[in-house]
Amino acid sequence: MALAAKILLVIASIGLIAVVLLQSGKSAGLAGSIAGGAEQLVGKQKARGIDAVLNKLTVVFAVLFMLSAIVLAYFLK
């Protein structure tokens, strides 16, 4: 069971890192100003949808990470 918790912890941590790095920042800086013209043509709904999915995935991976860390600490005690 401890091995399964370790594997789950590694998967959750890699997933959490990837999802956080894929999210756009609050102030996108120069990249946001360059992409601003393209967003007017394409529309901002797609960007909001992707951000919403990434936010939900962040919550899922964070909860999975915390629960697997608690389970692993219980079994290694």
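Counting from 1, residues in each chain are numbered in the order their sequence is written. Totals for whole chains, interfaces and linings use every residue, but because this is a predicted model, local features are given only for residues with pLDDT of at least 70 and side-chain atom pairs only at 80 or more, for both listing and counting. Calculated side-chain values reflect all of the structure's heavy atoms, with hydrogen atoms and water omitted.

Some thoughts on the overall build of the protein chain
Here is step 1: The number of helices and strands found in the protein chain is three helices and zero strands.
Here is step 2: For helices the rule is a DSSP run of H or I covering at least 4 residues; for strands it is a run of E covering at least 2, with both sets numbered from the N terminus onward. Each helix and strand of the protein chain, placed in order from N terminus to C terminus, yields the pattern α-α-α.
Here is step 3: Residue burial in the protein chain is summarised as follows: out of 77 residues, 12% are buried.
Here is step 4: Note on areas: Shrake-Rupley, 1.4 Å probe, and residue coverage restricted to the protein chains presented here. Total accessible area computed for the protein chain in this model is approximately 6000 Å², and 73% of it derives from carbon and sulfur atoms. For each residue, the accessible area found with a 1.4 Å probe, counting protein chains only, is set against the maximum for its type, and the residue is called buried under 20%, exposed over 50%, and partly exposed in between.

Structural notes on the packing of aromatic side chains
Here is step 1: Geometry of aromatic contacts follows a simple scheme: Phe, Tyr and Trp rings, the Trp one being its six-membered ring, pair when their centres are within 6.5 Å, and the pair is stacked under 30 degrees between planes, edge-to-face over 60, tilted otherwise. This model, assessed by the stated rule, comprises one aromatic pair.
Here is step 2: Both rings, one in Y74 and one in F75, keep their centres 5.5 Å apart while their planes meet at 70°; by these two values the pair is edge-to-face.
Here is step 3: Residue classification places F75 among the partly exposed positions, given a relative accessible area of 40%.

So, helix α1 (residues 2–22)
Here is step 1: The end-to-end C-alpha distance of α1, which contains 21 residues, comes to 30 Å, matching closely the 30 Å that a straight helix rising 1.5 Å per residue would cover.
Here is step 2: Among the residues making up α1, those that are buried are A5, A12, G15 and V19. Relative to the axis of α1, the buried residues are bounded by an arc of 100° and lie together on one face. Residues of α1 that are exposed and angled more than 90 degrees away from the buried face: L3, I14, I17 and L21. Every helix has an expected span of 1.5 Å times one less than the residues it contains. The directions from the helix axis to the C-beta atoms form the arc being described.

Regarding the confidence of the model for the protein chain
Here is step 1: As a per-residue measure, pLDDT tells how confident the predictor is, with possible values from 0 to 100. Within the protein chain, residue pLDDT values average 82, and 73% of them lie at 70 or more.
Here is step 2: The least confident element of the protein chain, judged by mean pLDDT, is helix α2 (residues 29–42) at 53; the most confident is α1 at 95.

With respect to the side chain of S68
Here is step 1: With respect to the helices, strands and loops of the structure, S68 is situated in helix α3 (residues 45–76).
Here is step 2: Contact between two residues is taken to exist if any of their heavy atoms lie within 4.5 Å; hydrogens are not considered. Other than its neighbours up to four places away in sequence, S68 contacts A5, L8 and L9.

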